[in-house]
Amino acid sequence: LLGVQASPLRHRRLAMDPPAARVMSSILPPFAEEFCRKLVRGLYPKEYAILVDIILRERNCMLDSALASKLQLPPSQVRNMLAKMQAAGLLRKETRKRRKEYFFWFVDPQMILDLFHYTFNTVLERFDAKINAEGGAGGDGIIVCERCDTTMATVDAVRLFDDDLGEFICDR
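Since we're looking at a predicted model, the values are computed, not measured. (Residues numbered from 1 in each chain as written. Predicted model: local features only at pLDDT ≥ 70, side-chain atom pairs only at ≥ 80, totals over all residues. Heavy atoms only, no water.)

Quick rundown of the side chain of D53? Include the residues and the values.
Checked against the element boundaries, D53 lands in helix α4 (residues 46–57). Among all residues touching D53, those that are not within four sequence positions of it are R37 and R41. (Helix = DSSP H or I, 4+ residues; strand = E, 2+ residues; numbered from the N terminus. Contact = heavy atoms within 4.5 Å.)

Encoded structure:
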């Protein structure tokens with residue numbers, strides 16, 4: 001994707017007076033962009049990460065049709081991915097109406113931050129619940145594997161925790 005040339009429609013697209021997302025992108029500091037990129041890369045499929053990278057490179061505002069032409073994919077497939085990302089809280093869209101509707105997509109850093117807090121707290125709660133269920137509230141620091149009945153220290157159990165599933169995975 002790094003070698004993809006800019007769309008020939010880019011100048012025409014920018015002349016359409018993009019929405020407030022264009023203003024948001026000017027105040028989005030580089031560390032916030034990098035945080036958004038890393039969070040999406042770490043928690044979501046690679047297709048989502050690619051779309052977020054492209055949108056952020058285009059100053060955080062892009063038409064769905066421009067994304068489709070840049071990715072060389074059918075517009076319906078790109079719109080489906082964008083809708084899934086919007087449902088997951090990764091993207092927002094703004095609609096502009098001229099002769100037809102135009103959808104501008106952008107990354108809202110506040111939504112990404114809220115999503116990170118929610119994901120982090122959910123994983124932390126599951127982790128704490130698992131430790132309390134296995135080791136007791138008194139906390140002797142021992143966890144017993146449900147699958148193989150192996151006991152291990154909670155410090156060792158951390159490496160067996162799968163963030164995607166939100167549970168411990170037995171390595172035996």
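Read on for the rest.
Could you give me a rundown of the pattern of salt bridges, with the residues and numbers involved?
This structure, assessed with the given rule, holds 5 salt bridges. Where R37 meets D53, a salt bridge forms, and the shortest distance between an N and an O atom there is 3.0 Å. Remark: D53 occurs in helix α4 and R37 occurs in helix α3 (residues 30–43); sequence separation between them is 16 residues. In this structure, R37 and D53 share a single accessibility class: buried. (Salt bridge = Lys/Arg side-chain N within 4 Å of Asp/Glu carboxyl O. Buried < 20%, exposed > 50% of the residue type's maximum accessible area, 1.4 Å probe, protein only.)

Provide a residue-level description of the confidence of the model for the protein, including the pertinent values.
Summing up the model confidence of the protein, the mean pLDDT is 77 and the portion of residues at 70 or higher is 79%. When the criterion is pLDDT under 50, residues 1–17 qualifies, and its contacts beyond four places in sequence or with other chains add up to 18 contacts. (pLDDT = per-residue confidence, 0-100.)

I'd like a rundown of the pairing of strand β2 (residues 92–97), residues and numbers included.
Sheet topology places β2 next to strand β3 (residues 101–106); 6 bridges connect them, and they run antiparallel. What sits directly across from K93, in β3, is W105. Once β2 ends, the chain turns through 3 residues before running back antiparallel as β3. (Pairing = 2+ DSSP bridges.)

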